[in-house]
Amino acid sequence: MATDYDAPRKNEEDLNEDSIEELKARRAEKNSGAVDEDETEAAEGFELPGADLSGEELSVRVLPRQADEFTCAKCFLVHHRSQLAYEDNGQLVCSECAA
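Here is a short report on the structure shown in this document. Because the structure is predicted, anything quoted here is derived from the model rather than measured. (Residues numbered from 1 in each chain as written. Predicted model: local features only at pLDDT ≥ 70, side-chain atom pairs only at ≥ 80, totals over all residues. Heavy atoms only, no water.)

**Considering the overall build of the protein chain**
In step 1: Scanning the protein chain from N- to C-terminus turns up three helices and four strands.
In step 2: Going from the N terminus to the C terminus, the protein chain shows its helices and strands as α-α-β-β-β-β-α.
In step 3: Out of the 99 residues in the protein chain, the part that is buried amounts to 6%.
In step 4: Of the contacts made within the protein chain by residues no fewer than 6 positions apart, 4% connect residues no fewer than 24 positions apart.
In step 5: Just so you have it, the protein chain exposes about 9,600 Å², and 49% of that area is on carbon and sulfur atoms. (Helix = DSSP H or I, 4+ residues; strand = E, 2+ residues; numbered from the N terminus. Buried < 20%, exposed > 50% of the residue type's maximum accessible area, 1.4 Å probe, protein only. Contact = heavy atoms within 4.5 Å. Areas by Shrake-Rupley, 256 points an atom, 1.4 Å probe, with all protein chains shown as cover.)

**Re the pairing of strand β3 (residues 84–88)**
In step 1: Here β3 runs beside strand β4 (residues 91–94); their pairing, made up of four bridges, is antiparallel. Within the sheet, the bridge partner assigned to E87 lies in β4 and is L92.
In step 2: In this structure, the hairpin formed by β3 and β4 is closed by a connection of two residues, where N89 is found at a positive phi of approximately 55°. (Pairing = 2+ DSSP bridges.)

**Observations regarding a negative patch on the surface**
In step 1: Negative charge collects at one region of the surface, where E37, D38, E39, E41 and E44 lie side by side.
In step 2: Residue placement: E41 occurs in helix α2 (residues 39–44). (Patch = residues over 30% accessible without salt bridge, like charges linked within 9 Å, V, L, I, M, F, W, Y side chains within 5 Å. Salt bridge = Lys/Arg side-chain N within 4 Å of Asp/Glu carboxyl O. Lys, Arg positive; Asp, Glu negative; His and termini not counted. Charge placed at Lys NZ, Arg CZ, Asp CG, Glu CD.)

**Topic: a nonpolar patch on the surface**
In step 1: A surface patch of nonpolar side chains, amounting to about 390 Å² of accessible area, comprises L58, V60 and V62.
In step 2: Among the structural elements, V60 can be located in the loop between α2 and β1 (69–71).

**Structural notes on the nonpolar core**
In step 1: The biggest cluster of nonpolar side chains holds five residues, and these are F70, C72, L92, V93 and C94.
In step 2: For this core, the leading source of residues is β4, giving three residues.
In step 3: Contact partners of F70, with chain neighbours within four places excluded, come to R65, L77, V78, H79, H80, R81, Q83, L84, L92, V93 and C94. (Core = buried A, V, L, I, M, F, W, Y, C linked by side-chain atoms within 4.5 Å.)

In structure tokens, the structure reads:
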């Protein structure tokens, strides 16, 4: 964008007044367009074809913790030993919680 260096410059008072008025105008514009809509309620009205899963059952086989796994003392998830970051007084912590 070209700049006209010969144009009269605004002093600090003019700049402050302009910026305050612009900020007030922007705030009014943002507030006027804001609509509070609950995403959950909006999604309940949509029905996807073939998405009726009311008769379906989920069956998952749960395995006990294996010898090469540990439970993190912070997030309580079971991780492989390769994700062990440190041990503090018998408390095992995974690398994700240690970060």
